[in-house]
Amino acid sequence: MTSSLHYQRQDALLVVDMQNDFCEGGSLAINGGNALVPGINAEIAAALDAGALVVASRDWHPVDHISFDHRGGPWPTHCVQDTPGAEFHPDLNLPDEVIRVSKATAFNADAYSAFDGTGLGDYLREKGIKRVVVCGLALDVCVHATVLAACREGFTTLLLETLSAAADPDAIERCRHDMQDAGAEVHA
Ligand code: VGL
Ligand code: ZN
């Protein structure tokens, strides 16, 4: 697999929530999650080669998180801190220089965007980043929220749609339009 993008030093590749619980066999499995790994590995390698920044976000909930169904939330229990389900996919190639960002760590609040409560926007600006390239899971949940937030934060924003998979495939069309309306470019 090779990347089709030309990365530069002012780019950040943002790999969203490529964790066991969101892939086949996990507690909140998204169809097509596992199959994204080789392509995302190629993007990571291309980005690092070019001197771009690579960030991997992870959903990192405490036990009894407000988003879990036994607390009245919308989701089955998933990505509980320090459990196997919360680990990055075992085949995802994350060299040491990849920056890890944990989100949605408070008991009483959810955070879908990798920018929400993490300080990531300021960090990327400090590093001189102008463009954010997004891929990962789930297209209609955390990827969607992350792309919209990246636009709001003022970054040139590109979604790699073929390196993302949706929890609800029926939502893809609507999400794509939302992201484009917000100013993101979508690579299908
Ligand atoms: C996500 C559902 C619940 C995601 C996170 O990463 O897309 N989806 N928590
Ligand atoms: Zn979650």
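Below or above, wherever it landed, is the structure these notes cover. Quantities reported herein were computed from a predicted structural model and do not represent experimental measurements.

Thresholds applied
Residues numbered from 1 in each chain as written. Chains lettered and ligands numbered in written order. Predicted model: local features only at pLDDT ≥ 70, side-chain atom pairs only at ≥ 80, totals over all residues. Heavy atoms only, no water. Donors = N, O, S within 2.8 Å, 3.2 Å for Na, K, Ca; no water. Tetrahedral: all angles 85-135°; square planar, octahedral: opposite > 155°, others 65-115°. Helix = DSSP H or I, 4+ residues; strand = E, 2+ residues; numbered from the N terminus. Near = heavy atom within 4 Å. Areas by Shrake-Rupley, 256 points an atom, 1.4 Å probe, with all protein chains shown as cover. Nonpolar A, V, L, I, M, F, W, Y, C, P; charged D, E, K, R; others polar. Salt bridge = Lys/Arg side-chain N within 4 Å of Asp/Glu carboxyl O. Buried < 20%, exposed > 50% of the residue type's maximum accessible area, 1.4 Å probe, protein only. Phe/Tyr/Trp six-rings, centres within 6.5 Å; stacked < 30°, edge-to-face > 60°. Lys NZ or Arg CZ within 6 Å of the ring centre and 35° of its normal. Contact = heavy atoms within 4.5 Å.

Considering the coordination of the zinc ion (ligand 2)
Here is step 1: Surrounding the zinc ion (ligand 2) are the protein donor atoms Asp-59 (OD), His-61 (NE2) and His-78 (NE2), at 2.0 to 2.2 Å.
Here is step 2: Considering all four donor atoms around the zinc ion (ligand 2), angles at the metal cover 85 to 171° and the coordination shape is irregular.
Here is step 3: Read N to C, the donor residues that coordinate the zinc ion (ligand 2) are spaced as D-x1-H-x16-H. Of this pair, His-61 sits in the loop between strand S2 (53-59) and strand S3 (99-103) while His-78 is found in the loop between S2 and S3, placing the two residues 17 residues apart along the sequence.

Comments concerning the site of ligand 1
Here is step 1: With respect to spatial proximity, the complete set of residues near ligand 1 consists of Asp-17, Phe-22, Leu-28, Asp-59, Trp-75, His-78, Leu-137, Ala-138, Val-141 and Cys-142.
Here is step 2: For ligand 1, the accessible surface in isolation is 260 Å², of which the surrounding protein chains cover 99%.
Here is step 3: Broken down by class, the residue content of the shell around ligand 1 amounts to seven nonpolar, one polar and two charged.

Some points on the pattern of salt bridges
Here is step 1: For the structure shown, the criterion picks out eight salt bridges.
Here is step 2: When the shortest N-O distance is used, the salt bridge between Arg-131 and Asp-11 registers 2.9 Å. Taken together, the residues Arg-131 in strand S4 (residues 131-137) and Asp-11 in strand S1 (residues 11-16) connect sequence positions 120 residues apart.
Here is step 3: Relative accessible area serves as the criterion here: at 4%, Asp-11 is assigned to the buried category.
Here is step 4: The salt bridge involving Arg-174 is made with Asp-178; its shortest N-O contact spans 3.8 Å. Pair noted here: Arg-174 and Asp-178 are both in helix H4 (residues 172-181), with a separation of four residues, about one helical turn.
Here is step 5: Using a relative accessible area of 48% as the deciding quantity, one classes Arg-174 as partly exposed.
Here is step 6: With relative accessibility at 29%, the residue Asp-178 sits in the partly exposed group.
Here is step 7: The network of salt bridges with common partners includes Asp-17, Asp-59 and Lys-103.

Focus on the packing of aromatic side chains
Given two aromatic rings, their pairing is described by the distance between the two centres and the angle made by the two planes.
Here is step 1: Evaluation of the coordinates by the stated rule reveals one aromatic pair.
Here is step 2: Relative to Phe-155, the ring of Phe-115 has its centre 6.2 Å away and its plane inclined at 25°; by these criteria the two rings are stacked. Separated by 40 residues along the polypeptide, Phe-115 in the loop between S3 and helix H2 (120-126) and Phe-155 in the loop between helix H3 (142-152) and strand S5 (156-165) bring together distant segments of the chain. The residues Phe-115 and Phe-155 share a single accessibility class, namely buried.
Here is step 3: Across the ring face of Trp-60, the terminal group of Arg-58 is positioned such that the distance to the ring centre comes to 3.5 Å.

Details of the environment of Leu-124
Here is step 1: Following the sequence through the fold, Leu-124 ends up in helix H2.
Here is step 2: The residues contacting Leu-124, other than those within four sequence positions of it, are Ala-12, Leu-53, Val-55, Phe-115, Ile-129, Val-132 and Phe-155.

What to know about H3
Here is step 1: Within H3, nine of the eleven residues are buried, which leaves it mostly tucked inside the rest of the structure.
Here is step 2: Taken residue by residue, H3 has Cys-142, Val-143, His-144, Ala-145, Thr-146, Val-147, Ala-149, Ala-150 and Cys-151 as its buried positions.
Here is step 3: Considering only its buried residues, H3 is in contact with S1, S3, S4, S5 and H4.
Here is step 4: Gly-154 occupies a position one or two residues after H3 and carries a positive phi of about 95°.

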